[in-house]
Structure formats: C-alpha cells, structure tokens
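Residues per chain are reported as follows:
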Amino acid sequence: MTLDRQTVIDRLRSVKGPNLEGDIVSLGMVSEIFIADSKVFFSITVPARQAQELEPLRQAAENAVKTLPGVRGAMVALTAEKQGGGMGTTAQQPARPAPARPAAPPAQQQPAKQDVPGIEAIIAVASGKGGVGKSTTAVNLALGLKALGLSVGILDADIYGPSMPRLLGLKGKPETAGGKVLKPMEAYGVKVMSMGFLVEEDTPMIWRGPMVVSALRQMLREVAWGPLDVLVVDMPPGTGDAQLTMAQQVPLAGAVIVSTPQDLALIDARKGLNMFRRVDVPLLGLVENMSYFLAPDTGARYDIFGHGGARAEAERLGVPFLGEVPLTMDVRETSDAGTPVVASNPDGAQARVYRAIAEKVRAQLSLAMQASAEAAPAIVFE
Ligand SMILES: Nc1ncnc2c1ncn2[C@@H]1O[C@H](COP(=O)(O)OP(=O)(O)O)[C@@H](O)[C@H]1O
Ligand SMILES: [Mg+2]
C-alpha cells in the first residue's frame, strides 16, 4: 500500500474534533499535509485559548497517522493565532463523563471470540468498583503465576486509570517489532502492555472512550506477546457498558474478582460476578483484598474491616474463594515504587499470600479450560 495524502486524510477523519463534534478534517482544522521519507507532517489549527487543552487532540491525530501502514513517523503541531493566554494556564480536566456507549453488540448477539495466537489462556482481573486493589492484585497475581514457572503477560486495559507503568516502574513507549506489531514492554520477566503507554496520562476521558475498543484490540492482537501461558488483563473497574464491551471483546478463559470486605464493596463484587456470567466467562474466584491489617512492627493481625465477608459471599454464590490479602504498608509502598512485593520480597508473608492465590487461580483455570474443551462441540440453550 502506498502512502499518500489521501490515505492520511482518510485516517484523520477518525479523529473527533473538540467537544466530539465532527472530525478534524470536516471541521477544516487540518493544514496541508506533507509527506517526506515516509514521515508525515501537518498542523491542526485551533483557537489560541484552547491550545493547551487540545494537546490530547494533537496526540490523537499523531497516533492515528503513526499507526498507518508505511508511516515511519509523524509530526503534528497545533497552530493558533497568537493572542490571549492559553499557555501557562493549566488545562482543566473535564469531569469524568459517562462511560462510552457500547461499541460492541449487546450480550445476546455476541460474535464468536477469536483466540489470540500464541496465548494459551487470558484471564481478567476485575472489580465492581475502583480503589479496591484490582491492579495491585493483578500485578502480584501475574508475578505469582510467573513464580510458578508459567510464561506470563499483563495487559493493562484500565482506561480510567492505567496503573501498570507505575506499578512496574515502566516508562517510555513500546517499540514496533517490524510491520505494525508492537513489542510488549517487559518487567520482572513479565511482558506488559498498557493503555498508559499508548494514551497520554492527561488525555481526557472523553477522548479515551472512543479509543477503547480499538486500543484494546490493538493491545491484544497487534502485540508480539509471543508464546504465553497466561495473559492477565487488568480490567477497568465497574460493570457498565464499557466493561461489558471489554469482557465481550477479549476471549477470556476466566475472571478473578477483587473485593474489599465491606458489604458495600461486596454488592459491587456481585455485580462484577454477574457481568461475567452474562457473557459466559467462567469465574475463577474471588479475592478479598485489604482483608485485615497486619501491623508492621509486631506482625500482629487486626480484623478491623469486617473481614470474612468475601469468603462467605463466595460460598453463598458458589464461586471459589481464592484468598485474603492483608492491608500492609509493604504492599502500598512497593506498588508506588514500581517494585511489586512478589518480585521485590519473594520470601515475605505478602508474597506467599499472592503465590497461594496464583496456585488456586492456576488450578481453577485448568478446570475451566477442561470444562470448556469438553463443552465446546455442544450448543446449549438456556
Ligand atoms: N493489600 C494492600 N495493602 C495496602 N495497600 C494496598 C493493598 N492493595 C491495594 N493497596 C493500595 O490501594 C490503592 C488502590 O489500589 P489499586 O490496585 O490501584 O486499586 P484499583 O486498581 O482497584 O483501583 C493503591 O494505593 C494501592 O497501593
Ligand atoms: Mg487500577
């Protein structure tokens, strides 16, 4: 395919204008396009006052063009009449908009999910709401599986707050591995792809929403994951349309739900369980995070969070209970430092907890995969 201006213009029609009204081509915002040595140069004209807040638009346009076949690079600049301040003022983050409308068909008319070549099993780590330690669990679970001798990858699909770059101390952008396939980043022997590598951290949600499905697809199918036993997907929190879409888009072998012990969180966890049931994804089990407090000085255990709720709830719902993770300073600090406990302190108590959870997940996963292999030829109507 030859690279010409029309191809670039056509691709840019996928980039929405400010306020999501129209696209930047139809709005007449795109300048003349220059192509030299497979590199694309152009500018986007914006009102001076909006220059700073439209940086994500520039990024989106650049990224859209960079991913065209045959493009070796793109330079996109914002141009504006020089008047009245923009620069220096901090762009206001817009309020978090409602999750994107479903870009995938509703659950009933699910398309057949395509396996990802080279990946044996994909599992989701999900939670009914944010802040329960889903990402912390995902990363330590992945490292626990790795410690069991499996080859492991982590796909950070949390568009609301990609955290793998921070949790694993990863910076920079993934490189291409020839053609348009990206090489995953790597940390502690685990392969990693994150929304955080592809979308700038301050990209407003309003732009992230529409990018979700294509970015997820890209991270799943256009990444050289290489042979992997398990790919752990850190899902976005919640059970809305965006989450459902993702649960449908990814050929999941199973899901792990993370909850805190509080009743309120368990209501959310139940919603999470139901979401995966709706799309026929086997539930590998429930993890109770921040289950009890482990005093850093004495190692004494304090059950201060109504601990045990998740275990009881798992029993009631007939879902395996995978384990209790204590609230410890260690877990928090190592997360912030990009050195997750399972890797940085493999002999510690927390690492042991996570490895035990990983063992249970592995066992549940092989049961689930066995069951699906046996059930595969039959079509069951409920
Ligand atoms: N078991 C734990 N002990 C101490 N801090 C924890 C634990 N699990 C999570 N955290 C902390 O709680 C915060 C939220 O965790 P995170 O994994 O980012 O949640 P989520 O992905 O569900 O939003 C982080 O600051 C993290 O370090
Ligand atoms: Mg998270």
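- Identification of the protein chain as Iron-sulfur cluster carrier protein from Nitratireductor pacificus pht-3B is taken from an unreviewed UniProt entry.
- Per its UniProt entry, the protein chain bears the Subunit (unreviewed entry) comment "Homodimer."

1. Re the site of ligand 1
- The environment of ligand 1 is formed by 18 residues, the closest being G133, K134, S135, T136 and V331.
- Residues of the shell around ligand 1, tallied by class, amount to six nonpolar, 10 polar and two charged.

2. Remarks on the UniProt feature "binding site: ATP" (unreviewed entry) in the protein chain
- The sites that carry the UniProt feature "binding site: ATP" (unreviewed entry) are, in the present numbering, G128, K129, G130, G131, V132, G133, K134 and S135.
- The exposure class assigned to G131 is exposed, which follows from the 12 C-beta atoms found within 10 Å.
- One can find K134 in helix α3 (residues 134-147).
- Setting aside its immediate chain neighbours within four residues, K134 contacts V125, A126, S127, D234, P237 and V258.

3. With respect to unusual backbone geometry
- In this structure, D280 is a non-glycine residue whose phi angle is positive, near 60°.
- Inspection of the secondary structure puts D280 in the loop between α8 (263-278) and β10 (283-294).
- For D280, a count of 15 C-beta atoms within 10 Å corresponds to the partly exposed category.

4. Things to note about α3
- When the terminal C-alpha atoms of α3 are compared, their 20 Å separation across 14 residues agrees well with the 20 Å that a helix rising 1.5 Å per residue should span.
- Of all 14 residues in α3, 13 are buried; the element is thus mostly enclosed.
- A positive phi of about 100° marks G149, the residue just after α3.

5. What to know about the nonpolar core
- Membership of the largest hydrophobic core comes to 80 residues, with the highest contact counts inside it found for I123, L141, V232, V233, A255 and V256.
- Considering every element that reaches this core, the biggest residue donor is helix α12 (residues 349-375), with eight residues.
- Setting aside its immediate chain neighbours within four residues, V232 contacts I123, V125, A138, L141, A142, V152 and I154.
- Membership of the second largest hydrophobic core comes to 17 residues, among which are I44, V46, L57 and A61.

6. Observations concerning helix α9 (residues 309-317)
- Restricting attention to buried positions, one finds in α9 the residues A310, E313 and A314. Taken around the axis of α9, the buried residues stretch over an arc of 105°, which confines them to a single face. Facing away from the buried side of α9, by more than 90 degrees, are the exposed residues A312, E315 and R316.
- Looking one or two residues past α9, G318 carries a phi angle of roughly 70°, positive in sign.

7. Digging into the pairing of strand β9 (residues 254-259)
- When you tally the buried positions in β9, you get six out of six residues, the bulk of the element.
- Bridging between strand β4 (residues 119-126) and β9 involves four bridges; their strand directions are parallel. The partner of A126 across the bridge, within β9, is I257.
- The sheet contact formed by β9 and β10 spans five bridges and is parallel. The residue bridging S259 from the neighbouring strand is E288, located in β10.

Parameters at a glance
- The numbers attached to residues start from 1 for each chain and follow its sequence in the written order.
- Labels follow written order: the first chain is A, the first ligand is 1, and so on.
- For this predicted model, a pLDDT threshold of at least 70 governs which residues receive local features, and a threshold of 80 or more governs which side-chain atom pairs are given and counted, while totals over whole chains, interfaces and linings are taken from all residues.
- UniProt positions are given in the numbering used here, feature names are shortened, and annotations may be inferred rather than shown by experiment.
- We call a residue near a molecule or strand when its C-beta atom, built from the backbone, sits within 6 Å of it.
- For this scheme, ten residues count as nonpolar: Ala, Val, Leu, Ile, Met, Phe, Trp, Tyr, Cys and Pro. Four count as charged, namely Asp, Glu, Lys and Arg, and the remainder, Gly too, count as polar.
- Around each residue's C-beta, the other C-beta atoms within 10 Å are counted; 20 or more make the residue buried, 12 or fewer make it exposed, and counts in between make it partly exposed. All C-beta atoms are placed from the backbone.
- Secondary structure follows DSSP: runs of H or I at least 4 residues long count as helices, runs of E at least 2 residues long count as strands, and numbering of each begins at the N terminus.
- The contact criterion used is a C-beta to C-beta distance within 7 Å, with each C-beta placed from the backbone.
- Every helix has an expected span of 1.5 Å times one less than the residues it contains.
- The nonpolar core is taken to be a set of buried Ala, Val, Leu, Ile, Met, Phe, Trp, Tyr and Cys residues joined by way of C-beta atoms within 7 Å.
- The arc in question is traced by the directions running from the helix axis to the C-beta atoms.
- DSSP-based pairing: two strands are paired if at least 2 bridges between them are found.

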